[in-house]
Amino acid sequence: MATAGKVIRCKAAVAWKSNKPLVIEDIEVAPPQANEVRIKIVATAVCHSDLYQLFENKHEDGFPIVLGHEAAGIIESVGSGVTEYRPGDHVIPLFISQCRECRFCKSPKTNQCDKGWANAGRHNAMAPLESRLTCKGKKVLQFLGTGTFSEYTVVNQVAVAKIDPAAPLDKVCLTGCGICTGYGAAVNTAKVEPGSTCAVFGLGAVGLAAVMGCQAAGAKRIIAVDINPEKAEKAKVFGATDFVNPKDHSKPISQVLSEMTDGGVDFSLECVGNVGVMRSALESCVKGWGVSVIVGLNNIEDISARPLMLIAGRTWKGSAFGGFKGKDGVEKMVEAYMDKKLKVDEFITHNMTLDQVNDAIELMKEGKCIRTVLNVSPK
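Described in the following lines is the structure provided in the data block. Bear in mind that the values here come from a model prediction, so they are computed numbers and not experimental data.

Scoring rules and cut-offs
- Residues numbered from 1 in each chain as written.
- Predicted model: local features only at pLDDT ≥ 70, side-chain atom pairs only at ≥ 80, totals over all residues.
- Heavy atoms only, no water.
- Pairing = 2+ DSSP bridges.
- Helix = DSSP H or I, 4+ residues; strand = E, 2+ residues; numbered from the N terminus.
- Axes fitted to C-alpha atoms, helices over the stretch in contact; angles between N-to-C directions.
- Contact = heavy atoms within 4.5 Å.

Read across the sheet, 6 strands follow the order S15-S14-S13-S16-S17-S18 without closing on themselves; strand pairing throughout is parallel. The open sheet has two edge strands with one neighbour each: strand S15 (242–244) and strand S18 (315–318). Taken pair by pair, the neighbouring strands of this sheet meet at an average axis angle of 20°, ignoring direction. Pairing of strand S13 (residues 197–201) with strand S16 (residues 267–270), which is carried by 4 bridges, proceeds in the parallel orientation. Bridge pairing links Ala199 to Ser268 in S16. Contacting S16, strand S17 (291–294) and S18, helix H3 (residues 178–190) crosses the sheet at an angle of about 135° to S17. Packing against the sheet, helix H4 (residues 205–216) makes contact with S13, strand S14 (221–225) and S16, and its axis sits at approximately 170° to S13.

Structure (structure tokens):
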């Protein structure tokens, strides 16, 4: 392409400070260096993790930053040493890398990777130290190593999944985070069993994907839990059999679920990122074999529970990106969507442009959307 090897000037939504609206700016995107690819972002969705960084992460070394990590695009150019990709490939950037070489990638037990952004970054900043983006002479960080609220971005080749070019980018971008995260937490991490009883706490995109995963795994009863009564019907679309609003009860939600299920659910998934809800989800599990999975992001508060909860045989575990190895998992999930075996379109409630990113953020803050897709660049 004519832009290969050159700096690209384009539009991006920059977060200059926490708790402030994003600003549409002209930024510079440097050419990809060794083992990197530069991607033209076609579509990107707004995820709760973006809001977490903007409103809850108070560390000033996390700004300025380009948020966004749930996206799809087309490779514009590649750096030296890149053999797996070429310009024109349709791809999804990954915040969970897969180098295929490190001890974690070689193990079937995990989807962690030694070559991911977190090993070259600051956990407080939620971004690698290096960035290929600049604005007004300042380095602008790339959220989770991606930074997709931009017309172009640069990522390492270990953090990109090549997908079927026939897949609609403004739909399958959701597999870059929310759908894989929730679905995989049920199927891969919790390992939900046929005939089991499950509870999913929080019915945003991740929670609804977890409901879908529980159904795919053969759960006979799936209790969807949320304080927003408007989520009830949507949860049933994805397979929920029951809906419980904790605000409708004077008892703790764990007690309500225990009474509904003869002592507790077999599997619970916390998809909010609230440490109080994490504890409730654990306490909602049946003793002896109950498994509770923490899915919601939170790196600023501590969790707590009575040791007896675990001594009695419950298991408490966490899940990142649904336990999917980045490249393999995304490719597999896009394939499932193309084969009509996976719901994706049903998550999208709004379509907007990059210029409307602050409106999209407000919709999510107010619980008025499941997923808003921002159409960034024409295909």
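Further remarks concern the sheet that holds strand S2 (residues 23–29). Hydrogen bonds between backbone groups are what pair the strands of a sheet, and the pairing can be parallel or antiparallel. Spatially, S1-S2-S9-S10-S4 is the arrangement adopted by the 5 strands of the closed barrel, whose pairing is mixed. With 3 bridges connecting them, strand S9 (residues 133–135) and strand S10 (residues 138–142) associate as antiparallel partners. Considered in S10, the bridge of Cys135 is made with Lys138.

We now examine the environment of Lys17. Tracing the backbone shows Lys17 in the loop between strand S1 (8–15) and S2. Placed 47 residues apart in sequence, Lys17 and Pro64 show a C-alpha to C-alpha distance of 6.3 Å. In this structure Lys17 touches Leu54 and Phe63, once residues within four positions along its chain are discounted.

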